[in-house]
Amino acid sequence: MIELEHVVKTYQREDGTPVPALRDITCRIGAGEFVTIRGSSGSGKSSLLNILGCLDTPTSGAYRLGGEDVSRYTDQERSAVRARRIGFVFQAFNLLPRTTAVENVEVPALYSGGDVDRGKALALLKRVGLAERSNHFVTELSGGEQQRVAIARALMNSPPLLLADEPTGNLDSAVGDSIMELLTDLNREGLTIVLVTHDERVASYAARELLIRDGVLASDRAQPRRPSLHAATEGAAHVVG
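Residue numbers here run from 1 along each chain, matching the order of that chain's written sequence. With pLDDT at 70 or above as the cut-off, local features in this predicted model cover only qualifying residues; side-chain atom pairs require 80 or more to be listed or tallied, and sums for whole chains, interfaces and linings still use all residues. Excluded from the side-chain calculation are hydrogens and water; included are all heavy atoms of the structure.

Student: Explain the side chain of Arg 153 here, please?
Tutor: Helix and strand definitions follow DSSP, with helices as H or I runs of at least four residues and strands as E runs of at least two, each counted in order from the N terminus. With respect to the element layout, Arg 153 can be found in helix H5 (residues 143-154). No salt bridge forms around the buried Arg 153; measuring N to O, its nearest opposite-charge neighbour Asp 165 is 12 Å away. We call two residues in contact when some of their heavy atoms are within 4.5 Å. Beyond its immediate stretch of four places on either side in the chain, Arg 153 contacts Phe 88, Phe 93, Asn 94, Leu 95, Asn 104, Val 105 and Pro 108. Accessible area is worked out with a 1.4 Å probe on protein chains only. A residue is then buried under 20% of its type maximum, exposed over 50%, and partly exposed in between. Neither His nor the chain ends contribute to the count of charged residues, in which Lys and Arg are positive and Asp and Glu negative. Note on definitions: salt bridges are taken to be side-chain nitrogens of Lys or Arg within 4 Å of carboxyl oxygens of Asp or Glu.

See below:
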C-alpha cells in the first residue's frame with residue numbers, strides 16, 4: 001500500500017540555511033499492517049507522517065500510495081487523496097466544539113463533496129461505543145469519548161489507511177489503552193494503521209515498529225503484539241464453552 005523510496009525532506013530557515021528533517025527514507029508498508037513510527041522530539045517522525053498523509057511533499061524521492069506516485073501531485077490532487085483514502089486521528093482530537101458527536105462524524109463527507117449519510121455516521125458511533133452519545137455536544141464528552149468520535153470521523157469516508165498522531169497523548173493510561181484496543185480491533189478488521197508515538201507501551205500494540213533517529217530510519221523491526229483484551233476474553237469464553 002505504502003512505498004517510500006529515498007525520501008528526503010529539507011526545510012529552509014529564513015536565512016536560507018537548509019534544515020534536514022528526513023534523510024533517504026526507504027520502506028514499504030503493506031495493506032492491513034499496523035505499524036508504529038517512534039522517535040524522540042525532533043527526530044523527523046512528524047515530517048514523515050505529514051508526507052504519508054499527503055499534507056506535505058518530499059524534497060526528493062518518491063511516495064507511492066496504492067501504486068500512485070502522490071508525491072508529484074498538485075495540492076488539489078493531494079487534497080482529493082486525503083478526502084477519499086486517508087483518515088486522520090490527532091492528539092488534540094480537532095473536533096468542532098459547537099456541534100454534536102454525529103455532526104462531527106459527518107464532516108469528512110461534507111468536505112469530500114459526497115452525500116451525508118446520517119445512518120452511516122450513527123453506525124460508526126455505535127462501532128466505537130458511543131451510540132448513546134450521538135446527540136451530545138463535544139463539550140459534554142470526556143477526552144476518551146472525544147477521541148472515539150474522532151476515530152469514527154476518520155472512518156466516515158471508508159478510507160483504507162488510518163494515520164494517528166499520538167492518539168493517546170492527552171489521555172490517562174487506562175483510557176489510552178481502551179483507544180488502542182479499539183484501533184487494534186479496527187486493524188484486525190482489515191484497516192491499515194500507521195501510528196506516531198514516543199510511548200513504548202502504545203507502540204507495543206503494533207506488529208511492526210519504525211524507529212526514526214535524526215531523520216534516518218534507524219530500525220524497522222517486527223515485534224510481538226500486546227495481546228488484545230477482547231481476543232483474550234473471546235478465547236477464554238471459547239475454552240469455557
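Now that the structure has been shown, the text picks up again.
Student: Sorry if this is basic, but what is going on with the sheet that holds strand S2 (residues 18-29) here?
Tutor: Where strands meet in a sheet, backbone hydrogen bonds hold them as pairs that are either parallel or antiparallel. DSSP calls a pair of strands paired once it identifies at least 2 bridges connecting them. Across the sheet, 4 strands lie side by side as S2-S1-S4-S5; this open sheet has antiparallel pairing. The open sheet terminates on both sides in strands that have one partner only, identified here as S2 and strand S5 (68-69). In terms of strand pairing, strand S1 (residues 2-12) meets S2 through 8 bridges, oriented antiparallel. Each bridged residue has a counterpart across the sheet, and for Leu 4 the counterpart in S2 is Cys 27.

Student: Sorry if this is basic, but what is going on with the environment of Gly 44 here?
Tutor: Along the chain, Gly 44 falls in the loop between strand S3 (34-38) and helix H1 (45-52). Taking the relative accessible area as the measure of exposure, Gly 44 reaches 9% and is therefore buried. Setting aside chain neighbours within four positions, we find Gly 44 in contact with Ala 21, Leu 22 and Ile 212.

Student: Even after reading the chapter, I still don't get the nonpolar core, so can you show me in this structure?
Tutor: Nonpolar side chains tend to gather and get buried jointly when the protein is soluble and globular. Take the buried residues of types Ala, Val, Leu, Ile, Met, Phe, Trp, Tyr and Cys, join any two whose side-chain atoms come within 4.5 Å, and each joined set is a nonpolar core. Of all hydrophobic cores here, the largest spans 36 residues; its most connected members are Val 105, Leu 125, Val 149, Ile 151, Leu 183 and Leu 195. Those elements that place two or more of their residues in this core are helix H3 (101-111), helix H4 (118-127), H5, strand S7 (161-165), helix H6 (173-188) and strand S8 (192-197). Apart from residues no more than four positions distant in its own chain, Val 105 is found in contact with Ala 121, Leu 124, Leu 125, Val 149, Ala 152, Arg 153 and Met 156. Membership of the second largest hydrophobic core comes to 26 residues, among which are Val 7, Ile 29, Val 81 and Leu 163.

Student: Could you clarify how one ought to interpret the side chain of Thr 99 in this entry?
Tutor: The topology assignment puts Thr 99 in the loop between strand S6 (86-90) and H3. Any pair of nitrogen or oxygen atoms within 3.5 Å is treated as a polar contact; in protein, a donor-acceptor pairing is required on top of that, and neighbouring residues in sequence qualify only through side-chain atoms on both sides. Looking at Thr 99, its side chain comes within polar contact range of the main-chain oxygen of Leu 96, at 2.8 Å. Among residues more than four places away in sequence, those in contact with Thr 99 are Asn 104, His 136, Phe 137 and Val 138.

Student: How should the pattern of salt bridges be read in this particular structure?
Tutor: The full count for this structure, using the stated rule, is 16 salt bridges. For Arg 78, the salt bridge goes to Asp 75, with nearest N and O atoms at 2.3 Å. Linking Arg 78 with Asp 75, this pair stays in helix H2 (residues 75-85), spanning 3 residues, or about one helical turn.

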